[in-house]
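A closer look at the structure
Here is what each chain is made of, one letter per residue.
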Amino acid sequence: MSEIPAKATESEDSSGGPRDEAADGLLSGDAPSGDAMWQTAPPGSMYDYIKVASFSIGPDGLVDQWSLRAEQIFGIPAERAVGTDPIEAFLEPVRRERGQRKMAEILDGREWTGVVPFRLPAHMAEDDRDREGIAEVYVMPTRTEAGEKAAVCIVVDVRTLRRIETDLAASQAIFGQSPFGFVLIDRDLRVRRANERFASLFGGTPDDHRGKGVHDYLPRGEAERVAATLRRVLETGDSITDMHVTGFVPGSDERRHWSVNLYRVHSGSGRPIGIAWLGIDITARRAAAREAAAARRNLALLNEAGARIGNSLDLETTARELLDVVVPGFCDLATVDLYQGLLAGDETPPGLADGSAEVRRVAFASAVSDGPIGGTGEAVKLGAVHHYPFNSACADALRTARPQSVPGEDGGLVQSTLAVPMVAHDTVVGLAQFARTKGSEPFGDRDRDLAVELAARAAVCIDNARLYRREHERALILQRSLLPPGDPEASGLDIACRYLPGNAASGRTGEVGGDWFDVIELPGHRTALVVGDVMGRGLRAAVAMGELRTAVRTLAQLDLEPAEVLSQLDEIARGLGAPGGPSQAFAGGVQQATRAARRPREADLSEVYLATCVYAVYDSVTRRCTFANAGHLPPVLVEPGETALMLDVPPGMPLGVGGEPFEEVEVELPEGALLALYTDGLVESRDHPLDEGLQAFVGALTDPSAPLEDVCDHILNTLDTHHGEDDIALLMARVQGLPADSVGDWTLPREPRSVGRAREYARAQLLAWDMEPLVDTTELLVSELVTNALRYGEGEIRLRLLLDRTLVCEVWDSGLVQPRRRRARDTDEGGRGLQLVGLLSAAWGSRRTPRGKTVWFELPLPGADTGLTDPAEALLSLF
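What comes next is a walk through the structure.

About the thresholds
- Residues numbered from 1 in each chain as written.
- Predicted model: local features only at pLDDT ≥ 70, side-chain atom pairs only at ≥ 80, totals over all residues.
- Heavy atoms only, no water.
- Helix = DSSP H or I, 4+ residues; strand = E, 2+ residues; numbered from the N terminus.
- Buried < 20%, exposed > 50% of the residue type's maximum accessible area, 1.4 Å probe, protein only.
- Contact = heavy atoms within 4.5 Å.
- Areas by Shrake-Rupley, 256 points an atom, 1.4 Å probe, with all protein chains shown as cover.
- Core = buried A, V, L, I, M, F, W, Y, C linked by side-chain atoms within 4.5 Å.
- Pairing = 2+ DSSP bridges.
- Axes fitted to C-alpha atoms, helices over the stretch in contact; angles between N-to-C directions.
- Expected span 1.5 Å × (residues − 1).
- Lys, Arg positive; Asp, Glu negative; His and termini not counted.
- Salt bridge = Lys/Arg side-chain N within 4 Å of Asp/Glu carboxyl O.
- Phe/Tyr/Trp six-rings, centres within 6.5 Å; stacked < 30°, edge-to-face > 60°.
- Left-handed = near helix turned anticlockwise from the far one by under 90°.
- Nonpolar A, V, L, I, M, F, W, Y, C, P; charged D, E, K, R; others polar.
- Polar contact = N/O pair within 3.5 Å; in protein donor to acceptor, adjacent residues only side chain to side chain.
- Parallel < 35°, antiparallel > 145°, perpendicular 65-115°, else oblique.

1. Observations regarding the overall build of the chain
A count of helices and strands for the chain gives 23 helices and 31 strands. By residue count, 47% of the 879 residues in the chain fall in the buried class. Relative to all contacts within the chain whose residues are 6 or more apart in sequence, the contacts with residues 24 or more apart total 61%. For the chain, the exposed surface amounts to about 43900 Å²; the carbon and sulfur share of it is 50%.

Here you go:
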């Protein structure tokens, strides 16, 4: 080996400071020139990692040169090291004897290489274990200027070498065994090293990838983006985490996705030397994330559908709610067609029978255009009735109850369409079509399943709405059939009425209620006015209302007082929930209904029937009206020239509660006065409390002289009647009493000649009224009734004739025994008087009065549709 001058150690650079540019030329392979060979090692050389020092030993075996790097390794400054015996300074006493022998051999001119343990100064170690060091020493004999033997020692810190070996082994293990793609990229953005995982993805061996760039692996646009990111990392040193890169692997057309982490790599001196690329294939994860996102989107769509579809019991509204959910979240265009028969109220929809049956387009929604959905032929307007060709995909979907895919037309807007039958309870009620435009993601299997689920949910709601509409229409027909047909007529009253079922005013379909009103003609040109409200809604309320209305009419014909009518009605209402219901009341009398009402039964609120009712009887002769109230709102009276006021009628308990009597109030009504009876739906709603509604109603009755029809319309337009929460019943009557010259009233003494006098009074009055065709019949019947009053009655007799739309004759007496018609035998001389009255009159009857009874008959006026019976023929028919 060539000799190295001992003074050469002075050229060492132990500071790790900057090196000159000539050294870079050596690394790059450029030929050195001049003194460049003697420049310090360039950055990135092995001396940046390995601690190498030198010192020289003179002929006397003492240190005569001590480098700065030796000072760093051994921790001894040059002024202390120079002139010392290295054996005594660095070796432990047990090793010094052997060390002296080796030193003698070295000074004899022998080279020596070995590992020498040494002990660091205490200030260079944290504890005693760190003070133990090992140095590999290479001793080379040399000579001084005087020719004496000396030595140059090259020292390497073995601990640093071991640490580098360990780091290299660990790096190799991580790089080679990593499940991630690991690539080292140099400053020119070229691959310097790749691991097996990276090579397994892109083919070849790791060495085959040396020198390649990102453009060799990625499409141009993606490669430019990644290259720009690599330059930024190299320049700034900022690491990049989870950068998504998209590309293809050799031999596959499948697009792959990677998550890449980038960080800058430095040399031992801190100089940037390249970039580490650590990548993992996330294609499966991306696909799973897309599937999870689609599942979450579908779940959210189903949740939204559950919340928004079916809020209305209207067929068309439910169909529109479905489209509001799916457009644009699921598709770009959508339509709903329902079977025309279902919309028309047919009992059984076509089902699976015929996919080409008539359907109506009830809903359409689009996020892109108002154009038709492609693949279905010509455009169908909203609300139009049409049918699908028998061999079309839509008809097949309706026929088989299975979804069908309809491809878009060439040049059209739509890419594809899903024709999904709307099936509820194994019955097809219509067809929903969902379309996506070109450029959108095509429908997949998951989309098809979601479309079927959405259509099924909407179909159930539509079928429920269909069933509800059917029941509602039936209940409404029942309810209307129980209300007075047409415009009611009454003697001495001008009548107008309005009835609005619940939600009819708002245009929505709702349940019918139990509101009713009635106008009942009573004997003596009297009229019963009734308004009631059965609590609850639906068919049960309508049926209960019909039963109560029938009971009211029956009780009214008995000519009972208003309070007595309500008492009997209360008993009947209490018996509605009992077995047998009100039929027992009419079959076995009111007492039987009372017993049924008192019969023990389970406390089931569905069996309890409660109702409110106002019952008023108006006498057109006296213009007096008697009221009785069962928990209903008070009547409103408007007298001419006065403001409206609510009558103080004691509100009794509602019908069906029982246990409390009802009170009567009699009010004299002036000519032209306006009387209003109503239900709570007119004056009460969620937004308007009852007191506020009553005040508004009273304030709306400002012009009682206007035509009654106009007054009703004004009230409905003024008040908040469009809430649709409850039925509204309004009954208005204007008082028009009988004129005094239309009434004939006489008192007869209780003597036989009063019969003849009664005939004279009747003849004279009828002739005065120009009713000569009625004279003979009236005389005959008056004679019969007065004779009966003389024979079977008590007290004085009163005869009264009333002329209005018919002629009514009343005979009053103080007897309490009611006349009873019987069939006389052929041999009987009497007993045919009431039979004759029944044959010759249009109607007859008797009623109790506070002071006895009244027997009456009624005759149609001349010129009426009902002709008069000839008295002679009537007499002959009795025999």
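2. A closer look at the nonpolar core
Counting residues in each nonpolar core, the largest one holds 57 residues, and the members touching the most others are W516, L529, L569, Y615 and L731. At eight residues, helix α14 (residues 539-557) tops the list of elements feeding residues into this core. If near-sequence neighbours (up to four positions away) are discounted, Y615 is found in contact with A528, L529, V530, V552, A556, P562, V565, L566, T626, F627 and A628. Judged by nonpolar contacts, the second largest core, of 49 residues, contains V336, Y339, A397 and L454.

3. Looking at the sheet that holds strand β25 (residues 674-678)
Taken in spatial order, the five strands of this open sheet run β17-β26-β25-β22-β23, and their pairing is antiparallel. Looking at which strands have only one partner, the edges of the open sheet turn out to be β17 (493-500) and β23 (645-646). Where strand β22 (residues 636-638) and β25 come together, three bridges link them in antiparallel fashion. When the sheet's bridge partners are listed, L637 is paired in β25 with L675. Set on the sheet, helix α18 (residues 690-700) makes contact with β22, β23, β25 and β26 (728-735); between it and β25 the angle comes to about 150°. Against the sheet, helix α19 (residues 708-718) makes contact with β17, β25 and β26, and its axis sits at roughly 30° relative to β17, the strand it touches most.

4. Overview of helix α21 (residues 775-792)
In a regular helix each residue adds 1.5 Å, so 18 residues correspond to 26 Å; α21 covers 25 Å between its end C-alpha atoms and thus fits that length. Listing the buried residues of α21 in full gives V775, T777, T778, E779, L781, V782, S783, L785, V786, A789 and L790.

5. Re the side chain of E321
Within the secondary structure layout, E321 lies in helix α10 (residues 315-326). Among buried charged residues, E321 stands out as having no salt bridge; its nearest opposite-charge side chain is R308, 7.7 Å away. What E321 contacts, discounting residues up to four positions off in sequence, is R308, I309, G310, N311 and S312.

6. Quick word on the packing of aromatic side chains
Working definition: an aromatic ring pair is given by the centre-to-centre distance plus the angle between the planes. Tallied over the full model, the rule gives ten aromatic pairs. Taking the centre distance of 5.8 Å and the plane angle of 45° together, the rings of F330 and F443 count as tilted. With F330 in the loop between α10 and β11 (333-339) and F443 in the loop between β16 (427-437) and α13 (445-482), the pair connects residues that are 113 residues apart, well separated along the chain. F443 carries the same exposure label as F330, and that label is buried. An aromatic cluster of at least three residues, connected via ring pairs, comprises F198, F202, Y217 and W258.

7. So, the pattern of salt bridges
The full count for this structure, using the stated rule, is 37 salt bridges. Of the charged contacts in the structure, one is a salt bridge between D447 and R436, with a shortest N-O distance of 3.3 Å. With D447 in helix α13 and R436 in strand β16, the pair connects residues that are eleven residues apart, well separated along the chain. The salt bridge partner of E751 is R753, with a shortest N-O separation of 2.4 Å. A relative accessible area of 58% places R753 in the exposed class. Each member of the salt-bridge network shares a partner with another, and the members are R526, D559, R800, E810 and R847.

8. Notes on the sheet that holds strand β19 (residues 526-537)
The five strands lie next to each other as β18-β19-β20-β21-β24, forming an open sheet whose pairing is antiparallel. If you trace the sheet from one side to the other, it starts and ends with β18 (513-522) and β24 (664-668), each paired once. Taking the axes of each pair of neighbouring strands and ignoring which way they run, one obtains an average angle of 15° across the sheet. Looking at chain direction, strand β21 (residues 624-630) and β24 are connected through five bridges and run antiparallel. Bridge pairing in β24 places F627 opposite V665. α14 rests against β18, β19 and β20 (611-619) of the sheet, and its axis sits at about 15° to β18.

9. Considering the environment of G408
Assignment of secondary structure puts G408 in the loop between β14 (404-407) and β15 (414-424). For G408 and T437, which are 29 residues apart along the polypeptide, the C-alpha to C-alpha distance reads 8.7 Å. Non-local contacts of G408, meaning those with residues more than four positions away in its chain, are made with V414, Q415 and S416.

10. Here's the deal with the packing of α14 against helix α15 (residues 562-574)
Taken N-terminus to C-terminus, the directions of α14 and α15 make an angle of 145°; their axes are 10 Å apart at the nearest point. In this structure, the crossing between α14 and α15 has a hand that is right-handed. In this structure, α14 contributes L548, A551, V552 and L555 to the contact, and α15 contributes V565, Q568, L569, I572 and A573. A class-by-class count of the residues in the contact of α14 with α15 yields eight nonpolar, one polar and no charged.

11. Description of the pairing of β19
Here β19 lies mainly inside the structure; nine of its twelve residues are buried. Note: β18 against β19, ten bridges, orientation antiparallel. Bridge pairing in β19 links I520 to A528. The antiparallel hairpin formed by β18 and β19 contains three residues in its connecting segment, where G524 sits at a positive phi of about 75°. Note that β19 and β20 share nine bridges and pair antiparallel. Directly across from V534, in β20, lies its bridge partner A611.

12. Topic: the pairing of strand β9 (residues 256-266)
Alignment of strand β8 (residues 240-247) against β9, held across six bridges, turns out to be antiparallel. Bridge pairing in β9 places V245 opposite W258. Note that β9 and strand β10 (residues 272-281) share nine bridges and pair antiparallel. Bridge pairing in β10 links H266 to P272.

13. A word on helix α20 (residues 754-768)
In a regular helix each residue adds 1.5 Å, so 15 residues correspond to 21 Å; α20 covers 21 Å between its end C-alpha atoms and thus fits that length. Residues S754, V755, G756, A758, A762, Q765 and L766 constitute the buried set of α20. Among the structural elements, β27 (743-748), α21, β28 (797-803) and β29 (806-813) are those in contact with the buried residues of α20. Of the residues trailing α20, D770 is marked for its positive phi of about 60°.

14. What about the side chain of S312?
Looking at where S312 falls in the secondary structure, it is placed in the loop between α9 (283-308) and α10. Here D314 takes part through its backbone nitrogen, which lies 3.2 Å from a polar atom of the side chain of S312. With residues up to four places along the chain from it excluded, the contact list for S312 reads T317, T318 and E321.

15. Remarks on the packing of α20 against α21
Packed helices, taken two at a time, are described by their axes: the angle between them and the distance between them. Taken N-terminus to C-terminus, the directions of α20 and α21 make an angle of 150°; their axes are 9 Å apart at the nearest point. Regarding the angle of α20 to α21, the classification is roughly antiparallel. For the pair α20 and α21, the crossing hand works out as right-handed. On α21, the residues that touch S754, V755, A758, R759, A762, R763, L766 and L767 of α20 are V775, D776, T778, E779, V782, S783, V786, T787 and L790.

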